[in-house]
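Here is what each chain is made of, one letter per residue.
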Amino acid sequence: MSNPYRILGLGLCLVGAIFAPVSYFILNSVPLTAVGISAIMIGFTSIALANTRPYISPEACQLILKTGMENTAALLEELGLRNKAIYLPSAMRDGHPQALVPLTDGEDIQWVKTKIPGRLIVRYGANPGDMAISVTTPGSMNIDLLETKPGPTSGEIEAAATYILTGVLDIADSVTVSQVGARLEVEVSGARLYYEDIWYYRCLGSPVASIVAAVSSEALGKPVRISEESYSKGKSRITLEVLP
Amino acid sequence: MRIYNKYIVSLILASGLINISLAFLGQNDLVIYFIINVIAYLVITLLYAYLNPRARRALNTISIVLLAGFLVLVSLKAMRIVTGR
């Protein structure tokens, strides 16, 4: 009963149900009757929305997210990894998108021909030193929320990222994506989980950037790296580098 | 839940604006008020295409009920015009 949408909905339905007949039969006012009918319509909508709210509170969700991030951050700090993560599409993994944090810094990556196994420490390249830590990020988990796999155009990536960030998770107001060569410039307005200068974010990016990177990687079918991320005046600017 | 708030505020503003405008125009037919309110509701609901799947399913159910009411009223109006009564 503490759900504010249910309280609003029941209130509007009750007021509308009393107000509409009183206006029509006693006051003989059609416009006031219409106001009562509108209140009932919006009331039912509000009750319907109340039933679609998540079962867990936002505080509990934040707690779970922070716990996962703290554990991954502890692992990265213990190993002294500072390289930026590479987000892989599900086609390069065993059906589940993940991020790789390379143990060594190498610009030219010769990807292995086979799928990268679902283990913690994996070999991703042909060179002996091409080893990485494979981690699941907030972005990896959110791919399952998409009803269909997005296409490779910037418009389709934008639509998929907007659907997840704005519609499903409600952690941003809007997303714009533009493609410049092998780079994707993403601007997220009203992001509620923005970038902070901490170890975890330097490696894997903020949760918003992680989701955008995972969506882009899945859409393009190619590995993607978050090369830059900044936050100013309520906007997150994320630059993604599409790897060959 | 900001997107839900925006959606409900949009519905309240639209219905308020429609009812006030029709009252100022001297409209006295309740069916006209209902039809225009339903059209506005359906348009605004369509514009919020990014709502999560569970919310979309719930809103689709309400939209179908309102659309059925809208079609019945429009059919009755059309029949009245055709038969001249």
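Before reading on, note that the structure itself is shown above.
Within any chain, residue numbers begin from 1 and follow the written order of that chain's sequence. Throughout, the order in which chains and ligands are written sets their labels, letters from A for the former and numbers from 1 for the latter. Thresholds applied to this predicted model are a pLDDT of at least 70 for local features of residues and 80 or more for the giving and counting of side-chain atom pairs; totals over whole chains, interfaces and linings are not thresholded and use all residues. Side-chain descriptors were evaluated using all non-hydrogen atoms of the structure, hydrogens and water having been removed beforehand.

Colleague: Please explain the interface of chain B and chain A as it appears in this structure.
Modeller: One widely used convention gives an interface's size as the accessible area the parts lose upon coming together. On the side of chain A, 32 residues touch chain B, which itself brings 31 residues to the contact. Joining two parts hides part of their accessible area as seen by a 1.4 Å probe, and the buried area is that hidden amount summed over both. Both faces considered, chain B and chain A share a buried interface measuring about 2800 Å² in area, 71% of it formed by carbon and sulfur atoms. Definition used for salt bridges: Asp or Glu carboxyl oxygen within 4 Å of a side-chain nitrogen of Lys or Arg. At the boundary of chain B with chain A, the tally comes to one salt bridge. The way it works is that DSSP assigns letters per residue, a run of H or I at least four long becomes a helix, a run of E at least two long becomes a strand, and they are numbered from the N terminus. At the level of secondary structure, the elements contributing two or more residues to the side of chain B that touches chain A comprise helix H1 (2–24), helix H2 (30–47) and helix H3 (53–83) of chain B. Top contributing element to the side of chain B that touches chain A by residue count: H1 of chain B, with twelve residues. Each residue gets one label: Ala, Val, Leu, Ile, Met, Phe, Trp, Tyr, Cys and Pro are nonpolar, Asp, Glu, Lys and Arg are charged, and the others, such as Gly, are polar. For the side of chain B that touches chain A, the residue count by class is 21 nonpolar, six polar and four charged. Contacts were defined at the residue level, with two residues in contact if any of their heavy atoms lie within 4.5 Å.

Colleague: Help me understand the packing of aromatic side chains in this model?
Modeller: Centre-to-centre distance and the angle between the planes together describe a pair of aromatic rings. Aromatic pairing here means that ring centres of Phe, Tyr or Trp (its six-membered ring) are within 6.5 Å. Orientation follows from the plane angle: under 30 degrees is stacked, over 60 is edge-to-face, and everything else is tilted. Per the stated rule, a full pass over the model turns up four aromatic pairs over all chains. An angle of 80° between the planes, with centres 5.6 Å apart, marks the rings of Tyr5 of chain A and Tyr4 of chain B as edge-to-face. Here Tyr4 of chain B lies in helix H1 and Tyr5 of chain A lies in helix H1 (residues 4–26), a pairing that spans two chains. Summarising the aromatic geometry, the rings of Tyr7 of chain B and Tyr48 of chain B are spaced 5.2 Å apart at their centres and angled 70° between planes, so their arrangement reads as edge-to-face. Here Tyr7 of chain B is found in helix H1, whereas its partner Tyr48 of chain B is found in the loop between H2 and H3, with 41 residues between them in sequence. Residue Tyr7 of chain B is classed as buried on the basis of its relative accessible area, which comes to 0%. Per-residue accessibility, obtained with a 1.4 Å probe over protein chains only, is compared with the maximum for each type, and a residue is labelled buried under 20%, exposed over 50%, and partly exposed between these values.

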